[in-house]
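# Coordinate inspection notes
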Amino acid sequence: MWDDAFPSFLIGLREGLEAGLIVSILVATLVRAGARNRLPQVWTGVLAAIALAMSFGAVLTFTAASLSATAQEAFGGTLSVIAVAFVTAMVFWMRRSARSLAGEIKEKVTGALAMGSGVLILTSFLAVGREGLETALFLWTTARAAGESAGPLTGAGIGLVLAAGLCWGLYRRVLKINLTKFFTYTGAVLIVIAAGVLGYGLRDLQEGGVLPGNTAYVFDLSSHIDAGSWYSTLLQGVLNITPAMTWLQVVGYVGYLAVVMTLFVRGVRGVPGARATAPEPAAATSAPQPAVAEPEEEPEPEPELEPEPDLELEPEPAVRESEPRPARAVRRRPVWVVPVAVVAVPAVVAGLVVALAGPKSTSGETVAVSETECGKGFTAPKPGRQTFQMQNTGDKTSEVYLIDPSSNAVYGEVEGLAPGTTRDLVATVAGGTYAWRCVPSSGKAVTSASVTVSGGTGSTKAVVPVSENDLAAPLKAYRAYVEQGLATLVAQTRTLDADIAGNHLAKARTDWLAAHLTYSSLGAAYGTFEDYDQKINGRADGLPGGVTDKDFAGFHRVEYGLWHAQTAGQLKAPVQALADAAAGLQKAFPTQEFDPGDLPLRAHEILENTLQFELTADTDEGSGTNLATADANLAGTRELLTVLRPLLTTRAPKLLPAVDADIARLQQLLDAEHRGASWTPVEQLDTVTRQRIAGATGQLLEDLAPVPDLLEIRKSA
């Protein structure tokens, strides 16, 4: 897609034009010096630079693929930050050096002509190699950010072809391009794109565990913005602006853009233009060059890089094609040796790096999966990190687990393996007994014969599976907690209804908060109460009429009226509808389906809602009680952890102490903003306090993140 291709197109065009200008100047210098026989040396150096860039790209791709998911995030994030640094340096270097580029290259080539072929090859290699490495690194990072390679590679290819065409036109003197303006405008656009790459890289480092704040979001509009829409795709593809961004991403993005763009703009204003009033000494008395080639005898002035790069030099009398050669016979090597060598050496080195840095796996065996046969082709692997090729030979989608048959503990899994497909399963194997369990979408689970692995030190992490029966008792306890809370909620909403009927608006505000906090403590996250949640706690976001929309209902509709001077008559219908919805939920809840597998998700999702809506004041309709709601959400999370504690203690004994400490820290921060019956509105918090509360919530979410995986229901028979 063009949105994924555009950043790579721009870098391909700009870097290609830089490298192309350098090559054009090198070639023109040799032609004007009467040394056409040295041109193959220039092309050899260029070929070596291209081979190095492609080998570097291969190393990045294949070494990253051999890492674990977390390590890949950290690796990609680090290289994204490095790529931003290189691109930033390139933008400023070209802005500063564009006008003197031709003169510098001529000087280097003139010196190289007198020092042998190796020096000329090295000169062209170094001149082009930097652009090649920068291009490879930036393409790799943009392709990784886009999640696909077709678009970025297509964009880069178009950019490079266009750059080659422009350089040919400049060399043939049929184009006039203001290169100063070109590099200025593209530099400004690249700075904006680099800011997005930096934000993406910082996010990768957070997901890789290198940087904190993985769930500390400034905003999360995922539920309001269609990620597949054209505008969302465009913003994410070109600028790497996503519907959800953390504090670190936003600070890095905005900070980089503000600082670098300011310095760039100041530098542009401080550098004279292409037609400066103080020209180069050699060009001070020269007229602009015509668009046709001048005779070789006419020396041209130093370029100002407006019409085109200066591709001519005065003939160098010291170096001529007719220069006498030594009389002694010299054994000449074949002309193809050096070009082949400069391509082969980087490729071989890249291959060795990939081989050494690749996965330390002693098994790449293919394991067959079907609804009748599981684990065909499985042999006892050697200890170490293994990559198994899981091939579904059946006609049903299956889940596949590598297990310890004695305890059913899971060492690795592939979910949703479709018929006729093959996917990798990576697991670390130590000494012990292993087997495969295949669970088709319909039918019984099939377990393979077990194998024993000998040797190996240390232990591997495994997850003891949870069955529906294991979650039955926690689910029963949690349903009882919700039913008790709903009974309280119904009584409180009836009291609120009576307040409005009696025109006691001050009392209604107090009773509204009590009822709303009761509901918030029940863990109404991600459709827990089906359609009743929208009726009881719906938001105005997304409604055509906003707060005045006829479908805006529930607590927030009543909140808006109570804190925006609406009369009791205006509030009567919304409050009655709220009380009826609460009573309807109480009646329907005992028969509502509640998937036991959803219970562990609630331990994480409730606070996700808190961070997304409450701590951003997104749901504040005038009461300023978002922190009170956050406190109630924390109480609901604590209740969930209470019923899940027995299962978590045996599976992750170190997790709960960390979570308990996080909860205590967040509770202390919230309590500090609760004075009597009033709470500090989120928007009135000072920056430090607001960041501390968001940070504590984010840290708690990070520590709760393993809970859904630890307590995921897996079929064991």
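Okay, so let's go over this structure. Keep in mind that what you see is a predicted model, and the values were worked out from it rather than measured.

A separate point is helix H16 (residues 599-614). Taking 1.5 Å as the rise per residue, H16 with 16 residues should run 22 Å; its terminal C-alpha atoms sit 22 Å apart, in good agreement. A bend of about 25° at Glu605 is the largest found in H16. By the criterion of burial, H16 is predominantly enclosed, with 14 of the 16 residues buried.

As a further point, take the state of the cysteines. On inspection of all chains with the given rule, the structure shows 1 disulfide. Here Cys374 connects covalently by a disulfide to Cys438, the sulfurs 1.9 Å from one another. Because the sign of the S-S torsion sets the handedness, a value of about 70° for the bond joining Cys374 and Cys438 places this disulfide among the right-handed ones. Taken together, the positions of Cys374 in strand E4 (residues 374-376) and Cys438 in strand E9 (residues 432-440) put the pair 64 residues apart, joining distant regions of the chain. Given a relative accessible area of 8%, Cys374 falls into the buried group.

By the secondary structure assignment, Gln667 is in helix H18 (residues 655-671). Aside from chain neighbours lying at most four places away, what touches Gln667 is Asp631, Leu634 and Arg638.

This paragraph deals with the sheet that holds strand E8 (residues 422-429). Taken in spatial order, the 4 strands of this open sheet run E4-E3-E5-E8, and their pairing is mixed. If you trace the sheet from one side to the other, it starts and ends with E4 and E8, each paired once. Going across the sheet, the axis of each strand differs from the next one's by a mean of 35°, ignoring polarity. By the bridge criterion, 4 bridges tie strand E3 (residues 366-369) to strand E5 (residues 384-392) in an arrangement that is parallel. Bridge assignment links Ala368 to a residue of E5, and that residue is Gln391.

To continue, consider the environment of Glu673. With respect to the helices and strands, Glu673 occurs in the loop between H18 and strand E12 (674-675). Since its relative accessible area comes to 11%, Glu673 is described here as buried. Expressed as a C-alpha distance, the spacing of Glu673 and Thr689, which sit 16 residues apart in the sequence, is 9.5 Å. Non-local contacts of Glu673, meaning those with residues more than four positions away in its chain, are made with Leu627, Ser678, Trp679, Thr680, Leu685, Thr689 and Ile693. Of note is the side chain of Glu673, whose polar atom sits 3.0 Å from the side chain of Thr680.

A few words on the packing of aromatic side chains. Scanning the entire structure with this criterion turns up 8 aromatic pairs. Their ring planes at 85° and their centres at 5.3 Å tell us that Phe388 and Trp436 sit as a pair that is edge-to-face. Here Phe388, found in strand E5, pairs with Trp436, found in strand E9; they are 48 residues apart in sequence, far enough to count as distant. As far as the burial class goes, Phe388 and Trp436 line up, both buried. Residues Tyr519 and Phe555 carry aromatic rings whose centres are separated by 6.2 Å and whose planes lie at 40° to one another, so their mutual orientation is tilted. Within this pair, whereas Tyr519 is found in helix H12 (residues 505-520), its partner Phe555 is found in helix H14 (residues 555-562), the two being separated by 36 residues in sequence. Like Phe555, Tyr519 is buried. Site record: aromatic cluster; members linked through ring pairs are Trp512, Tyr519, Phe555 and Trp563. Above the face of the Phe613 ring, Arg539 is positioned so that its terminal group lies 4.1 Å from the ring centre.

Rules and cut-offs
Residues numbered from 1 in each chain as written. Predicted model: local features only at pLDDT ≥ 70, side-chain atom pairs only at ≥ 80, totals over all residues. Heavy atoms only, no water. Helix = DSSP H or I, 4+ residues; strand = E, 2+ residues; numbered from the N terminus. Expected span 1.5 Å × (residues − 1). Bend = angle between axes of the 7 residues up to and from the residue. Buried < 20%, exposed > 50% of the residue type's maximum accessible area, 1.4 Å probe, protein only. Disulfide = S-S within 2.5 Å. Contact = heavy atoms within 4.5 Å. Pairing = 2+ DSSP bridges. Axes fitted to C-alpha atoms, helices over the stretch in contact; angles between N-to-C directions. Polar contact = N/O pair within 3.5 Å; in protein donor to acceptor, adjacent residues only side chain to side chain. Phe/Tyr/Trp six-rings, centres within 6.5 Å; stacked < 30°, edge-to-face > 60°. Lys NZ or Arg CZ within 6 Å of the ring centre and 35° of its normal.

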